[in-house]
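Each chain is listed here by its residues.
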Amino acid sequence: MGQLFLNKLQINNFRNLSNQYIEFSNGINCIFGNNGNGKTNLLEAVYYLINRKSFRKNVGFQQLISVESEKPEILFSAAIDEDGSYHSYSGKIESLKSTWYYDSQPVKKKLPLETVFINPFDSYAFHTSSSFRRNWIDSYLSILSIEYKRSLKNFNTSLKFRNNLLSKKPNNFKEQIIANNKQLAMYSIEVRDRRKQFLEELKSYCKLTFKIIFNETHNLELVLSSKLDSFSQEEIEDFYNNSIEKDAIIGHTTTGVHRDDYEFIFDGYNSYEYCSLGQQKMSFLSLLFAYIELFRYKFISYPMVLIDDVSGELDEQRWKNLISYLKAKKFQVLITTANENFKKELEKIEDAKKIFIQNGLINL
């Protein structure tokens, strides 16, 4: 498939959104409305259509379906623009299953259209939670690199086998772990090195996007923090072998690339310890846009970008910088705001699609 854009969307029974068709521009789509009227729900519906899951955590069918629905099902119907050709894409979500169709033919794979969801509140989780950072890297790097996705899957399978042996301790479990450690070490090297390559590629884009949007020059980079950073494959294998006794007492693998962490460095300092909350949020936004630029470099196309009200993180000049940046790019973006002043700036974009939401009802 070529470059894909979401052209039209109709949703039935999704949260508070009304049942009606919404048309989108292939460029900038501005979504306006007061808080609590359904702006983020619309972003979530678009994200769900493309990814078959919500960007919210621990959300199931019962949280997504409208309280006013007469049937226990959520329906999606969309028109997809592929380089000027239009295709239908639809889905029915039920409590235990979902079915999807592309040009009326059943499909199992999701659309080959990637999305980046930008929520400034995620900055806090990124700066304070090592598991959030790990999941962020694994998720976005897996999109960029099928090799990384495969290596990570192989590593996790090997790790799960090792942990199962450590937990249940069957006969000859140590011998089985030693045999497995050779494979685990090989996958560890693959995962670690591809992470380091990804972080190196992001570095220049982080500095550039911070300069463009925030009009400041700072050196930003994510740095891998790993106890196995300088180890060779043989040294990692020896490390796993020497850890069997300790890990057997605890019942799982205590050290490995699954415990790697990342430091966000701002002008040579750890951003969590050194930066203000405002600088942390700006750094995180720069990281997300840096990823978008790296995606463009890798695939010669952009992902769809969903931006959930960043007006509180930016002053008026930076609003204008962000708008100029979005206008200069060729990706489809949906951006929401409840801020009246930011709304006025967005309304000045001549070619942008304006979408207004009030109590789930959408006016174009």
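What this report covers is the structure whose coordinates are included nearby. Every value quoted in this text rests on a predicted model; they were computed, and no experiment measured them.

Assigned secondary structure in the protein consists of twelve helices and 15 strands. Taking 2.2 N^0.38 as the reference for a compact globule, 364 residues should give roughly 21 Å; the C-alpha atoms of the protein span a radius of gyration of 23 Å, in line with that estimate. C-alpha atoms of the protein, sized along the principal axes, occupy 65 × 50 × 35 Å. Looking at the protein as a whole, 52% of its 364 residues are labelled buried. When contacts within the protein are restricted to residue pairs at least 6 apart in sequence, those whose partners lie at least 24 apart make up 69%. Surface accessibility of the protein: about 17,900 Å² in total, with carbon and sulfur atoms responsible for 47%. Each charge class in the protein can be summarised by its mean position, and for the 47 positive and 44 negative side chains these summaries are 3 Å apart.

Attention now goes to helix α5 (residues 146–168). In this model α5 runs 33 Å from its N-terminal to its C-terminal C-alpha over 23 residues, within 8% of the 33 Å that 1.5 Å per residue would give. If you check which residues of α5 are buried, you get Tyr148, Ser151, Leu152, Phe155, Ser158, Leu159, Arg162, Leu165 and Leu166. Contacts made by the buried residues of α5 are with α4 (130–144), α6 (173–214), α7 (233–242) and α8 (244–250). Just beyond α5, the residue with positive phi is Lys169, at close to 50 degrees.

Among the structural elements, Asp308 can be located in strand β12 (residues 304–308). Residues Asp308 and Glu44, 264 residues apart in the sequence, show an inter-C-alpha distance of 10.0 Å. Beyond its immediate chain neighbours, meaning those up to four positions away, Asp308 contacts Thr40, Leu43, Phe117, Ile118, Pro120 and Thr336. Among the polar contacts made by the side chain of Asp308, one reaches the side chain of Thr40 at a distance of 2.9 Å.

The rules behind these values
Residues numbered from 1 in each chain as written. Predicted model: local features only at pLDDT ≥ 70, side-chain atom pairs only at ≥ 80, totals over all residues. Heavy atoms only, no water. Helix = DSSP H or I, 4+ residues; strand = E, 2+ residues; numbered from the N terminus. Rg over C-alpha atoms; globule rule 2.2 N^0.38 Å. Buried < 20%, exposed > 50% of the residue type's maximum accessible area, 1.4 Å probe, protein only. Contact = heavy atoms within 4.5 Å. Areas by Shrake-Rupley, 256 points an atom, 1.4 Å probe, with all protein chains shown as cover. Lys, Arg positive; Asp, Glu negative; His and termini not counted. Charge placed at Lys NZ, Arg CZ, Asp CG, Glu CD. Expected span 1.5 Å × (residues − 1). Polar contact = N/O pair within 3.5 Å; in protein donor to acceptor, adjacent residues only side chain to side chain.

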